[in-house]
Amino acid sequence: MGIFDRLLGTRPRTSTDDAAGSADADAADTADTASELTDAEREQTTARIAEIDAELASAPAPSAASNPSAPSSPSAADPADLHEELGTLHEHLGDTGAAIAAFEASLEARPRYGTSYNRLMDLYNTRRAQAASAGDGTAINQWMSKIDALLATSKRIMRENY
């Protein structure tokens, strides 16, 4: 699927798609992924989320972490990476709201291309498509604003790297 199709929320229709539309199919795909987890996998994922939350809670304040001259613990994981992993885990559990929040925190901690950026673009577009199929203009504008902000972040990342 191309970038314009993702922005517009369209995708090629297949014979298995129902009349409800592609947004419902995308939502079903997320739900199917979460329901495919075994109880042990779900428990293990939930335990890892708790570990990451505890590690993030014990991390130094952001002002100290952003100071390059501040001594850093070699065993301390990068908060951006922890938030990214947290987002991935929440997404596997089917909690897209928590996944979005974690991926946003990852990009806030360290703006860069990668999993957080890509997953946010996909999740924002999925939410926007769901709002479009529901006819919710306010939500469409909300998600389009988030997409615009993410694209602005992309431009900022490119400028900083050149």
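None of the values given here were measured: they were computed from a predicted structure. (Residues numbered from 1 in each chain as written. Predicted model: local features only at pLDDT ≥ 70, side-chain atom pairs only at ≥ 80, totals over all residues. Heavy atoms only, no water.)

Novice: What is the right way to look at the pattern of salt bridges in this model?
Specialist: Side chains that carry opposite charge are capable of pairing whenever their charged atoms lie near each other. Using the criterion set out here, one finds nine salt bridges in the structure. Across the pair Glu104 and Lys146 runs a salt bridge whose closest N-O atoms are separated by 3.0 Å. A residue pair is termed long-range when its members are at least 10 positions apart, and Glu104 in helix α6 (residues 96-109) and Lys146 in helix α8 (residues 137-160) qualify at 42 residues. The class of Glu104 is partly exposed, set by a relative accessible area of 26%. Between Arg119 and Asp122 there is a salt bridge, and its shortest N-O distance comes to 2.6 Å. Linking Arg119 with Asp122, this pair stays in helix α7 (residues 115-134), spanning three residues, or about one helical turn. A relative accessible area of 26% means that Arg119 is categorised as partly exposed. Judged by its relative accessible area of 24%, Asp122 falls in the partly exposed class. (Salt bridge = Lys/Arg side-chain N within 4 Å of Asp/Glu carboxyl O. Helix = DSSP H or I, 4+ residues; strand = E, 2+ residues; numbered from the N terminus. Buried < 20%, exposed > 50% of the residue type's maximum accessible area, 1.4 Å probe, protein only.)

Novice: Would you mind going over the packing of aromatic side chains with me for this structure?
Specialist: Think of a pair of aromatic rings as described by two things: how far the centres are apart, and how the planes are tilted against each other in angle. Counted by the stated rule, this structure contains two aromatic pairs. Judged by centre distance (5.4 Å) and plane angle (85 degrees), the ring pair of Tyr113 and Tyr117 falls under edge-to-face. For Tyr117, a relative accessible area of 9% corresponds to the buried category. Between Tyr124 and Trp143, the ring centres sit 5.7 Å apart and the planes meet at 45 degrees, which makes this aromatic pair tilted. Of this pair, Tyr124 sits in helix α7 while Trp143 sits in helix α8; the two residues are 19 residues apart in sequence, bridging distant segments of the chain. (Phe/Tyr/Trp six-rings, centres within 6.5 Å; stacked < 30°, edge-to-face > 60°.)

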